[in-house]
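# A look at the structure
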Amino acid sequence: MEVLDLARWQFGITTVYHFLMVPLTIGLSVLVAGMQTAWVRTGDVRYLKMTKFWGKLLLVNFAMGVVTGIVQEFQFGMNWSAYSRFVGDVFGAPLAMEGLVAFFVESTFLGLWIFGWDKLPKKVHLACAWAYSLATVASAYFILAANSWMQHPVGVEFVDGKPTMNSIWAVLTNNTALAAIPHTLAGAFSVAAAFLVGVAGWQLWRKRSEDDEHRAVWRSSLRLGGWTGVVAFAVLAITGDFQGKLMFEQQPMKMASAEALCHTEKPASFSILAIGDVRNANCEDVKTFSVPALLSFLAHNDFSTEVKGVENLVTEYQAKYGTNYPDDPQLGSLAGKPIDYVPSLPVTYWGFRAMIGFGAISAGIGLLALWLTRRGRIPGQRWFPWLVLGGIATPFIGNSAGWIFTEMGRQPFVVVPNPTGVDGVWMFTAQAVSKLSTGEVWTSLIALTTVYAVLGVVEVYLMRKYVRGGVDAVMPPKKPAPTSKNSDSEGGDGDDDALAFAY
């Protein structure tokens, strides 16, 4: 394998692995802050137990996310140094903001939240929860702003052969970023919702025949997860539609690849399912089940818009960006060779459908869980725990498929040309890789994959340990309730049961 292929595999493996932790951290941090808010406002010990239980799982996941995420930025210097030199003036700004502003705030207030349970006043401690959860969202914002610039470069001018930023505001308010942020956050809440439904549903079913003192915790958690998942899927559909319209304008090849649309159509049909080999750009052996004119509507809000196919777009791209790679030794075997402007059609076509399909399955499981637990019911069906536990994986798969589609759909570009932007601000992926030997990249690929596999085992072990232990595994030992009415730092506004815990 070439250095380029190995470097792409390494970045893909580590990034997809890291992103398994990211959406759960984002969604769960906000939901845990909401649980704690409910406890502070009502004094109901059920919400305290929910905060403690889900907060413990959040911390395990957050720690793994930090460890796996650090590697991502190092890779820009390891395997993608040519890319870093080209875009560093622009790309470094939002990444620095993420590290210096969002992550520092997030980690600081998370530390105060962890160690401040019995040291800070209730409302101050609650403020820490909201500070770190909102900082987590801000962190996602800056990362997505950086990624969106790669998808749609704005706010720059071309100076001495590379882009130079002339407006950080344009970078941070890039319409591609403003569409990606709510879509990504909705995906994160979908992941957290399925996690709540799966774990709480399993616990509720497991203790269905017992007089479990924590049953209210599991019912409330399950129903919170169910409603969150339904709302999140609705937001995903709305924001996804907006992203599709931007994709039609900014990356028409990606839209054509998502549909395996080989030939230009007017109006264009939306493919539900393809039978045959979608790898070939001529589509002669492919039959699709489609909805007439729907793709035109998704692209431009009408049923008559022309959507260009892969073959036609290849001709346009060759005229704009050349037919062959530069004859540069750094490009290895690709030097002087024809440029393949067509992304991997099986990945883009089926990845797009996996994203939508698994997202819908996740929301459907949440709806079913809500129905089965209505009016105080406890599900007794033997298939129920398997369904909700299996449902935890569905939004993870959907999120990963969506990002794989997004990143592979822009190939062969690492920085996609802006059709209305500054000429020259684009870069082929083959030009972005560092001058390394295949042995060097193989070494880092194997080492990082092995380390990540070990970390995966550790996370699964810890998650399983605390999930199986339930509320009792995360709550501190009970101690006698204080006799003084003024013992609570906020004037004793919680109930006696809540005060019996090490608040």
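Being a predicted model, the structure only gives us computed values, none of them experimental.

### Digging into the pairing of strand 1 (residues 156-159)
Pairing of strand 1 with strand 2 (residues 162-165), which is carried by four bridges, proceeds in the antiparallel orientation. Looking across to strand 2, one finds that F158 is bridged to P163. In textbook terms, the turn of a hairpin is the stretch between consecutive antiparallel strands, and for strand 1 and strand 2 this stretch comprises two residues, one of which, D160, has a positive phi near 55 degrees.

### A look at the packing of helix 1 (residues 3-42) against helix 15 (residues 438-469)
At a minimum axis separation of 9 Å, helix 1 and helix 15 run at an interaxial angle of 20 degrees. Overall, the two elements helix 1 and helix 15 adopt an arrangement that is roughly parallel. When you trace helix 1 past helix 15, the crossing you get is left-handed. Mapping the contact onto sequence places V3, L6, A7, W9, Q10, I13, T14, Y17, M21 and L24 in helix 1 and T438, V441, W442, S444, L445, L448, T449, Y452, L455, G456, E459 and M463 in helix 15.

### Points about the side chain of S29
Position of S29 among the secondary structure elements: in helix 1. Those residues within four positions of S29 in sequence are excluded, and the remaining contacts are L24, L58, Y132, S133 and T136.

### Some remarks on helix 1
Look at helix 1: 59 Å from first C-alpha to last across 40 residues, which is about the 58 Å you get at 1.5 Å a residue. For helix 1, the principal kink sits at F19 and spans about 25 degrees; a proline, P23, occurs within the next four residues. Immediately downstream of helix 1, the backbone of G43 shows phi near 75 degrees, a positive value.

### Considerations on the pattern of salt bridges
Applying the stated criterion across every chain yields a total of six salt bridges. A salt bridge links K119 to D118; the shortest N-O distance between them is 3.3 Å. Each of the two residues, K119 as well as D118, counts as exposed. For E316, the salt bridge goes to K308, with nearest N and O atoms at 2.6 Å. Given a relative accessible area of 29%, E316 falls into the partly exposed group.

### Things to note about unusual backbone geometry
Peptide bonds are trans in most cases, and residues, glycine excluded, mostly fall at negative phi. Between K266 and the following residue, P267, the backbone shows a cis peptide bond with an omega angle of -5 degrees. Structurally, P267 can be placed in the loop between helix 8 (252-258) and strand 3 (270-275). Q411 connects to P412 through a cis peptide bond whose omega is 15 degrees. Along the chain, P412 falls in the loop between helix 13 (393-408) and strand 5 (413-415). Its identity as a non-glycine residue notwithstanding, R375 has a phi of 50 degrees, on the positive side.

### Describing a nonpolar patch on the surface
Together, I272, L273, I275, F289, V291 and W350 make up a nonpolar patch on the protein surface, roughly 540 Å² of accessible area in all. When residues of the nonpolar patch are traced back to their parent elements, those giving at least two are strand 3 and strand 4 (287-291). Tallying contributions element by element places strand 3 first for the nonpolar patch, with three residues. With respect to the secondary-structure elements, F289 resides in strand 4.

### Some remarks on the environment of E157
Structurally, E157 can be placed in strand 1. A residue is classified by how much of its surface remains accessible, and E157, at 39% relative accessible area, is partly exposed. A sequence separation of 136 residues divides E157 from A293, and the C-alpha atoms of the two residues are 39 Å apart. Apart from the residues within four sequence positions on either side, E157 is in contact with K162, P163, T164, N166 and V422.

### Some remarks on the layout of surface pockets
Taken as a whole, the largest pocket encloses approximately 1,600 Å³ of empty space. Looking at the largest pocket, it is lined by 47 residues, and the ones nearest its centre are F11, T15, V16, H18 and Q72. Here the lining of the largest pocket gets 13 residues from one element, more than from any other, and that element is helix 1. Residues of the lining of the largest pocket, tallied by class, amount to 25 nonpolar, 15 polar and seven charged. In this structure, the second largest pocket encloses a volume near 1,000 Å³. In terms of lining, the second largest pocket is formed by 40 residues, of which the most central are H183, G240, Q243, F352 and M355. When contributions to the lining of the second largest pocket are tallied by element, the ones reaching two or more residues are helix 4 (122-151), helix 6 (175-206), helix 7 (215-250), helix 8, helix 9 (294-300), helix 11 (345-372) and helix 13. Considering each element in turn, the lining of the second largest pocket owes the most residues, 10 residues, to helix 7. Counted by class, the lining of the second largest pocket contains 19 nonpolar, 18 polar and three charged residues.

### Overview of the packing of aromatic side chains
Following the criterion strictly, the structure yields 27 aromatic pairs and no others. Between F76 and F91 the ring centres are 5.4 Å apart and the planes differ by 75 degrees, which places this aromatic pair in the edge-to-face class. Placement of F76 in helix 2 (residues 45-78) and of F91 in helix 3 (residues 81-115) is noted, with a sequence separation of 15 residues between them. The pair F76 / F91 is uniform in exposure class, with both members buried. When the ring of Y341 is compared with that of F413, the centres are 6.1 Å apart and the planes differ by 35 degrees; the resulting orientation is tilted. Of the two residues, Y341 is situated in the loop between helix 10 (310-321) and helix 11 and F413 in strand 5; the sequence distance between them amounts to 72 residues. Residues Y341 and F413 agree in their burial class; the two are buried. Taken together, Y317, Y321, Y325, Y341, F413, W426 and F428 form an aromatic cluster joined through their ring pairs. Against the face of F297 rests K245, its NZ or CZ located 5.6 Å from the ring centre. Above the plane of the ring of F270 lies R353, whose end atom (NZ or CZ) is 5.6 Å from the centre.

How each quantity is defined
- Residues numbered from 1 in each chain as written.
- Predicted model: local features only at pLDDT ≥ 70, side-chain atom pairs only at ≥ 80, totals over all residues.
- Heavy atoms only, no water.
- Pairing = 2+ DSSP bridges.
- Helix = DSSP H or I, 4+ residues; strand = E, 2+ residues; numbered from the N terminus.
- Axes fitted to C-alpha atoms, helices over the stretch in contact; angles between N-to-C directions.
- Parallel < 35°, antiparallel > 145°, perpendicular 65-115°, else oblique.
- Left-handed = near helix turned anticlockwise from the far one by under 90°.
- Contact = heavy atoms within 4.5 Å.
- Expected span 1.5 Å × (residues − 1).
- Bend = angle between axes of the 7 residues up to and from the residue.
- Salt bridge = Lys/Arg side-chain N within 4 Å of Asp/Glu carboxyl O.
- Buried < 20%, exposed > 50% of the residue type's maximum accessible area, 1.4 Å probe, protein only.
- Patch = residues over 30% accessible without salt bridge, like charges linked within 9 Å, V, L, I, M, F, W, Y side chains within 5 Å.
- Areas by Shrake-Rupley, 256 points an atom, 1.4 Å probe, with all protein chains shown as cover.
- 1 Å grid on protein atoms, 1.4 Å probe; cavity = no way out; pocket = protein on both sides within 12 Å on 5 of 7 lines; lining within 4 Å.
- Points joined across faces, edges and corners; volume = space filled by probe spheres on them.
- Nonpolar A, V, L, I, M, F, W, Y, C, P; charged D, E, K, R; others polar.
- Phe/Tyr/Trp six-rings, centres within 6.5 Å; stacked < 30°, edge-to-face > 60°.
- Lys NZ or Arg CZ within 6 Å of the ring centre and 35° of its normal.

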